[in-house]
Amino acid sequence: MHKMVDEFFSGGWGKLLLIVVFLQSCQQSLQSKSLNDLEKIEANLRNKAEEQLAAGGMDPLAKLRALCLTRGATGIHGLGRAFRNMDDDGSKALNEEEFTKGVKEFGLDISKEEIKQLFRSFDEDGSGSINMTEFLLKLRPPMSQQRIAVINQAFAKMDKTGDGVITLADLKNVYSAREHPKFKSGEKTEDEILTEFLHTFEGGRGNEDGQVTKEEFTNYYASISASIDSDEYFEVMMKKAYVLQ
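Residues numbered from 1 in each chain as written. Predicted model: local features only at pLDDT ≥ 70, side-chain atom pairs only at ≥ 80, totals over all residues. Heavy atoms only, no water.

### Quick notes on empty space enclosed by the protein
A probe as big as a water molecule, rolled over the atoms, marks out the empty space that is left.
And then number 1: Enumeration over the complete set of coordinates arrives at 2 cavities of 30 Å³ or more.
And then number 2: Of the voids in this model, the second largest cavity is the one considered here, and its volume is about 30 Å³.
And then number 3: What lines the second largest cavity is Phe 122, Ile 130, Asn 131, Glu 134, Phe 135 and Lys 138.
And then number 4: Those elements that provide at least two residues to the lining of the second largest cavity are strand E2 (129-131) and helix H8 (132-139).
And then number 5: Ranked by residue count, the leading element in the lining of the second largest cavity is H8, at 3 residues.
And then number 6: Classifying every residue of the lining of the second largest cavity gives 3 nonpolar, 1 polar and 2 charged. (1 Å grid on protein atoms, 1.4 Å probe; cavity = no way out; pocket = protein on both sides within 12 Å on 5 of 7 lines; lining within 4 Å. Points joined across faces, edges and corners; volume = space filled by probe spheres on them. Helix = DSSP H or I, 4+ residues; strand = E, 2+ residues; numbered from the N terminus. Nonpolar A, V, L, I, M, F, W, Y, C, P; charged D, E, K, R; others polar.)

This is the structure in structure tokens:
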């Protein structure tokens with residue numbers, strides 16, 4: 001059993017499954033059925049987005065969203081990070097040139113005309129710039145109130161201090177990584193394992209600052225949500241992952 005879990009953590013499996021295994025491996029044994037069920041979630045997310053793109057007929061916003069989701073649950077957040085890196089003056093806004101550069105540098109296959117249409121749709125007041133936070137909120141896949149509620153519940157449990165960010169100190173108050181196979185083997189310290197968990201929400205292009213904001217947490221699970229049709233299944237999945245009532 002430990003070998004199976006260790007191989008999971010060292011491999012490139014779905015991010016959500018990584019979280020479930022991390023949280024549960026700190027406290028209890030894993031059931032193979034849970035692994036088999038949850039392993040498919042991020043693969044389904046990518047496949048669904050690719051199928052939508054192949055079918056065509058999407059408006060620019062839906063196409064941009066799908067392109068991000070082909071990169072998995074952190075795709076939208078990764079695009080947001082790319083944009084923020086270009087915000088040299090800290091204004092939290094992008095002009096059309098910066099927006100175009102961000103989309104291209106992120107490697108998204110979208111035409112110049114579609115980029116212009118997108119920018120115009122986000123620049124509702126015609127100011128020549130778009131607010132990045134509002135942009136990401138619109139890009140994020142829509143969710144029902146039932147899903148938003150369970151995401152908020154999970155974040156509140158993790159944010160032990162109630163300061164609006166999940167930090168290493170918060171995790172230490174909620175979970176212990178001493179049963180993690182890599183802690184037992186001496187390969188990693190408890191702090192290293194917990195910090196690695198925090199980085200999950202930032203993706204490969206994240207700043208890895210050791211803090212997960214409510215925005216990062218919600219964006220991550222909004223992407224996961226896009227691959228799950230049933231509100232009930234999404235709620236059960238979240239409650240199982242975070243041991244919620």
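### Some details on the environment of Asn 44
And then number 1: With respect to the helices and strands, Asn 44 occurs in helix H3 (residues 32-55).
And then number 2: Counting along the chain gives 180 residues from Asn 44 to Ile 224, while the straight-line C-alpha distance between them is 9.3 Å.

### Points about the nonpolar core
And then number 1: Phe 135, Phe 217, Tyr 221 and Tyr 242 are the most contacted members of the largest nonpolar core, which totals 57 residues.
And then number 2: Shared between two domains, this core takes at least three residues from each, and those domains are domain 1 (35-139) and domain 2 (143-242).
And then number 3: Beyond its immediate sequence surroundings of up to four residues, Phe 135 is in contact with Leu 64, Leu 79, Phe 83, Phe 99, Phe 122 and Ile 130. (Core = buried A, V, L, I, M, F, W, Y, C linked by side-chain atoms within 4.5 Å. Buried < 20%, exposed > 50% of the residue type's maximum accessible area, 1.4 Å probe, protein only. Domains from an automatic or database assignment. Contact = heavy atoms within 4.5 Å.)

### Some details on the packing of helix H4 (residues 60-69) against helix H7 (residues 112-122)
And then number 1: Close contact between H4 and H7 brings their axes to 9 Å; oriented N to C, the two are set at 105°. As far as their axial angle goes, H7 and H4 are roughly perpendicular. Where H4 abuts H7, its residues Pro 60, Leu 61, Lys 63 and Leu 64 lie against Glu 114, Gln 117, Leu 118 and Phe 122.
And then number 2: When its residues are assigned to classes, the contact of H4 with H7 shows 5 nonpolar, 1 polar and 2 charged. (Axes fitted to C-alpha atoms, helices over the stretch in contact; angles between N-to-C directions. Parallel < 35°, antiparallel > 145°, perpendicular 65-115°, else oblique.)

What is shown is where atoms sit, not what they do.
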